[in-house]
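Each chain, letter by letter, is given below.
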There are 2 protein chains.
Amino acid sequence: MRAADRPRSVCVGMAQLQVIDQQTANRQQIESAITELADQGAHLIVLPELHDHRYFCQTADPTLFDLAETVPGPTTDRFCELSAKLGVVIVGSVFEDRGSGLFHNTAFVTDGDRGLVGRYRKMHIPEDPGYYEKYYFTPGDMGFTPIDTSIGRLGLLVCWDQWFPEAARLMSLAGAEVLIYPTAIGWDFTDDDQTQARQRDAWITIQRSHAIANGVPVISVNRVGHEVDPSGHTPGQTFWGSSMVVSADGYLDMQYGIDSQQHGIHVLDLEHSRQIRRIWPFQRDRRVDAYADLLKKGIP
Amino acid sequence: MRAADRPRSVCVGMAQLQVIDQQTANRQQIESAITELADQGAHLIVLPELHDHRYFCQTADPTLFDLAETVPGPTTDRFCELSAKLGVVIVGSVFEDRGSGLFHNTAFVTDGDRGLVGRYRKMHIPEDPGYYEKYYFTPGDMGFTPIDTSIGRLGLLVCWDQWFPEAARLMSLAGAEVLIYPTAIGWDFTDDDQTQARQRDAWITIQRSHAIANGVPVISVNRVGHEVDPSGHTPGQTFWGSSMVVSADGYLDMQYGIDSQQHGIHVLDLEHSRQIRRIWPFQRDRRVDAYADLLKKGIP
């Protein structure tokens, strides 16, 4: 679709969900949230990372690879149906079984009648106590490529990618009109209150910085609520919600609460980027002649 | 100096100054601020960008190249003397005449008896209405190399560099233990109050994000106060102060006011970076195999 044909205001629906550890009920609540957001006028609906399952990466357990599925597969098929029925663009997330022993943490987009229009395989994979993602997920090998949809060019990234300015830069250089992060992040119980508050604040701040550095809006949708660790090794994870919409100048335009499910609509002005990028023409001045060492792990 | 020999707590003195358009008085106030900060126990003293002159880039005027000087030269000599007399490290800023028709916006470091220990030539040069820096300054050609001092490895960057995550990343990958930004940034009078507030907030946010992404503290020292535009082309510039110290986790540890001169002391714990980088080991996960397009201006 040519840029001039697209609506320049996009009605964004964010579904901040607490995952229910019972598949049918969980799928029902996802479908209800999507339907309700579409009814409210959403053009674009974003769900949290790996929304179909409790956060299974709390433990490294070989039986949990059974949760993976192909793309296209059952979850993307369900979302294609919903997308077509409701006439909306949906950003979902799935534990992808690629075959050949490869598994990815994959975000995907379904777009009305067009069905599955693209996927993004999480490039930066964390590995922290209680977040054993390197065990499950092969780092993505599709790079940072935006996905064209009927409402614009979407820059899908996933959770841990949030901490890397490189990811946001590459997506926006490649033409992403909005950066979208499905996430699953929470507090560590062993940290004191002040540390927890500082960590959440850092998470908000770095995502706002991606908007500022690149002159694009950012949408980030997180899980919320406590999930037990079935292995009993950890006290479980409490996801901090705080899903947000950030303007192209980094302004925190809307933010959800930290402790409950929430979904709602927010109007995003995609024209704002054009204005911001004229006021702050950073892209003009990047010193690509002096950035070679960005391709190194360390210097020296 | 070996890392183990260095003090790990550094007492930082920031001098947020309003430049006086009378050379002798301006130099006197700079010297007073430095002396006072040293008396208060500062190990490291940071001044705003181009502190020896009003912000001459408000207009493009060939006679103003007369303000430039060599490095080493009169200003670095003055600072070497002060540094040696007071036993402190000083980060200063100068309009550098390099010869051969080359001029730079240069930050430098003097270190006690060691004298001038290094310089950084501003790499990203702005050009905005009222900020005609591309007229005066050749973009730096020394890259992003930290400067070793008796108190640690300093990552000097200058003002507009603040908006580029690449600069902060390269300095910290190269071993900078703290990022230091002498700056001169202010409000545009044609913007409304809300826009002005959002711009200042974006400026704070992006610098905090450099701390977060890299696990290093950030010191930013700005000018303050109104400076007239002698050409009468613009209503002048009002610099917004707001000099700050940011912890390695992005926490805004100290911030000055927006409308008055201020100088003071802040204890910076350089050990904190080690701790933060273990909790958030982002550097481990950079996808240098997939960052090649960062060396391009645009994609495609």
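This structure is a prediction, so every number in the text was calculated from the model and none was measured.

### Concerning the overall build of chain A
The number of helices and strands found in chain A is six helices and 15 strands. Its C-alpha radius of gyration of 18 Å places chain A within 12% of the 19 Å reference for a compact globule of 300 residues. Within the span of chain A, comprising 300 residues, buried residues form 61% of the whole. A fraction of 69% describes how many contacts in chain A between residues 6 or more apart in sequence connect residues 24 or more apart. On chain A, roughly 10,800 Å² of surface is accessible, and the fraction owed to carbon and sulfur atoms is 51%.

### Considerations on the pattern of salt bridges
By the definition in use, this model includes 46 salt bridges over all chains. We note a salt bridge from Arg169 of chain A to Glu166 of chain B, for which the minimum N-O separation is 2.7 Å. Residue Arg169 of chain A is found in helix α4 (residues 165-173), and its partner Glu166 of chain B is found in helix α4 (residues 165-173); the two belong to separate chains. Exposure remark for Glu166 of chain B: the relative accessible area of 5% places this residue in the buried category. Across the pair Arg223 of chain A and Glu227 of chain A runs a salt bridge, and its minimum N-O distance is 2.7 Å. The exposure class assigned to Glu227 of chain A is buried, which follows from its relative accessible area of 5%. Among the ionic contacts, a cluster of salt bridges with common partners joins Glu96, Arg98, Arg119, Arg121 and Asp141 of chain A.

### A look at unusual backbone geometry
Put simply, Val71 of chain A and Pro72 of chain A share a cis peptide bond, and its omega is 0 degrees. With omega at -10 degrees, the peptide bond leading from Ile299 of chain B into Pro300 of chain B counts as cis. In this structure, Leu50 of chain A is a non-glycine residue whose phi angle is positive, near 50 degrees. Considering the arrangement of structural elements, one finds Leu50 of chain A in the loop between β2 (44-46) and α2 (74-86).

### With respect to the sheet that holds strand β8 (residues 178-183) of chain A
All names here are of chain A. Strand order in the open sheet made by the six strands is β6-β7-β8-β10-β13-β14, with mixed pairing throughout. Each edge of the open sheet is held by one strand with a lone partner, namely β6 (147-149) and β14 (252-255). Each neighbouring strand pair of the sheet contributes to a mean axis angle of 20 degrees, computed without reference to strand direction. With five bridges joining them, β8 and strand β10 (residues 218-222) adopt parallel strand pairing. Following the sheet pairing, Pro182 is matched in β10 by Val221.

### Comments concerning the interface of chain B and chain A
Size of an interface: often given as the accessible area lost when the parts come together. Taken together, the contact pairs 52 residues of chain B with 53 residues of chain A. Buried surface at the junction of chain B and chain A, both sides included, amounts to about 5,300 Å², of which 60% is carbon and sulfur. Taken as a group, Arg198, Leu294 and Lys297 of chain B account for 13% of the area that chain B buries against chain A, more than any other trio of residues on that side. Between chain B and chain A we count 10 salt bridges in total. As a salt-bridge pair, Arg208 of chain B and Asp201 of chain A come within 2.6 Å of each other at their nearest N and O atoms. Of all elements in the fold, only α4, α5 (193-214) and α6 (272-279) of chain B reach the threshold of two or more residues within the side of chain B that touches chain A. Here the side of chain B that touches chain A takes 10 residues from α5 of chain B, the largest share from any one element. Residues that form the side of chain B that touches chain A fall into these classes: 28 nonpolar, eight polar and 16 charged.

### Notes on the relation of the copies chain B and chain A
With an RMSD of 0.0 Å, the operation that places chain B on chain A is a rotation of 180 degrees combined with a shift of 0.0 Å along the axis. The relationship between the two copies is best expressed as a two-fold rotation axis. Both copies share a contact surface, since 100% of the interface residues of chain B are interface residues in chain A too.

### Remarks on helix α1 (residues 23-39) of chain B
All names here are of chain B. Between its first and last C-alpha atoms α1 spans 24 Å; for 17 residues at 1.5 Å apiece the expected length is 24 Å, and the two agree. For α1, the full list of buried residues reads Asn26, Gln29, Ile30, Ala33, Ile34, Leu37 and Ala38. At its buried positions, α1 is contacted by β1 (9-16), β2 (44-46), α2 (74-86), β3 (89-99) and β15 (262-269). Gly41 occupies a position one or two residues after α1 and carries a positive phi of about 105 degrees.

### A few points about the environment of Gly112 of chain B
Residue and element names in this part refer to chain B. Mapping Gly112 onto the fold places it in the loop between β4 (102-111) and β5 (116-121). Judged by its relative accessible area of 11%, Gly112 falls in the buried class. C-alpha separation for the pair Gly112 and Val89, spaced 23 residues apart in sequence, amounts to 6.0 Å. Not counting residues within four places of it along the chain, the set of residues in contact with Gly112 comprises Cys80, Ser83, Ala84 and Val88.

### Some details on the packing of aromatic side chains
Counted by the stated rule, this structure contains 50 aromatic pairs over all chains. Here the aromatic rings of Phe65 of chain A and Tyr136 of chain A are separated by 5.2 Å at their centres, their planes lie at 45 degrees, and the arrangement is tilted. A residue pair is termed long-range when its members are at least 10 positions apart, and Phe65 of chain A in the loop between β2 and α2 and Tyr136 of chain A in helix α3 (residues 133-136) qualify at 71 residues. The exposure class of Tyr136 of chain A is buried, given its relative accessible area of 2%. A ring pair is formed by Phe56 of chain B and Tyr136 of chain B, whose centres lie 5.2 Å apart and whose planes are at 90 degrees; its orientation type is edge-to-face. Of this pair, Phe56 of chain B sits in the loop between β2 and α2 while Tyr136 of chain B is found in helix α3 (residues 133-136), placing the two residues 80 residues apart along the sequence. Pairwise contacts between aromatic rings join Phe56, Phe65, Phe95, Phe103, Tyr135, Tyr136 and Phe137 of chain A into one cluster. If you follow Arg198 of chain A out to its NZ or CZ, it ends over the ring of Tyr251 of chain B, 4.0 Å from the centre. A cation over an aromatic ring shows up here: Arg223 of chain B above the ring of Phe239 of chain B, its NZ or CZ 5.6 Å from the ring centre.

### Some points on the pairing of strand β4 (residues 102-111) of chain A
Residue and element names in this part refer to chain A. Most of β4 is tucked away, with nine of its 10 residues classed as buried. Judged from the 10 bridges that link them, strand β3 (residues 89-99) and β4 form a sheet pairing that is antiparallel. Among the inter-strand pairings, Ile90 is bridged to a residue of β4, identified as Thr110. Here β3 hands over to β4 after two residues, with Ser100 in that stretch at a positive phi of 55 degrees. Bridge analysis of β4 against strand β5 (residues 116-121) gives five bridges, and the strand direction is antiparallel. Bridged to Ala107 within β5 is Tyr120. Hairpin connection from β4 to β5: four residues lie between these consecutive antiparallel strands, with Gly112 at a positive phi of about 50 degrees.

About the criteria used
- Residues numbered from 1 in each chain as written.
- Chains lettered and ligands numbered in written order.
- Predicted model: local features only at pLDDT ≥ 70, side-chain atom pairs only at ≥ 80, totals over all residues.
- Heavy atoms only, no water.
- Helix = DSSP H or I, 4+ residues; strand = E, 2+ residues; numbered from the N terminus.
- Rg over C-alpha atoms; globule rule 2.2 N^0.38 Å.
- Buried < 20%, exposed > 50% of the residue type's maximum accessible area, 1.4 Å probe, protein only.
- Contact = heavy atoms within 4.5 Å.
- Areas by Shrake-Rupley, 256 points an atom, 1.4 Å probe, with all protein chains shown as cover.
- Salt bridge = Lys/Arg side-chain N within 4 Å of Asp/Glu carboxyl O.
- Pairing = 2+ DSSP bridges.
- Axes fitted to C-alpha atoms, helices over the stretch in contact; angles between N-to-C directions.
- Buried area = accessible area lost by both parts, 1.4 Å probe.
- Nonpolar A, V, L, I, M, F, W, Y, C, P; charged D, E, K, R; others polar.
- Least-squares fit on C-alpha atoms with pLDDT ≥ 70 in both.
- Expected span 1.5 Å × (residues − 1).
- Phe/Tyr/Trp six-rings, centres within 6.5 Å; stacked < 30°, edge-to-face > 60°.
- Lys NZ or Arg CZ within 6 Å of the ring centre and 35° of its normal.

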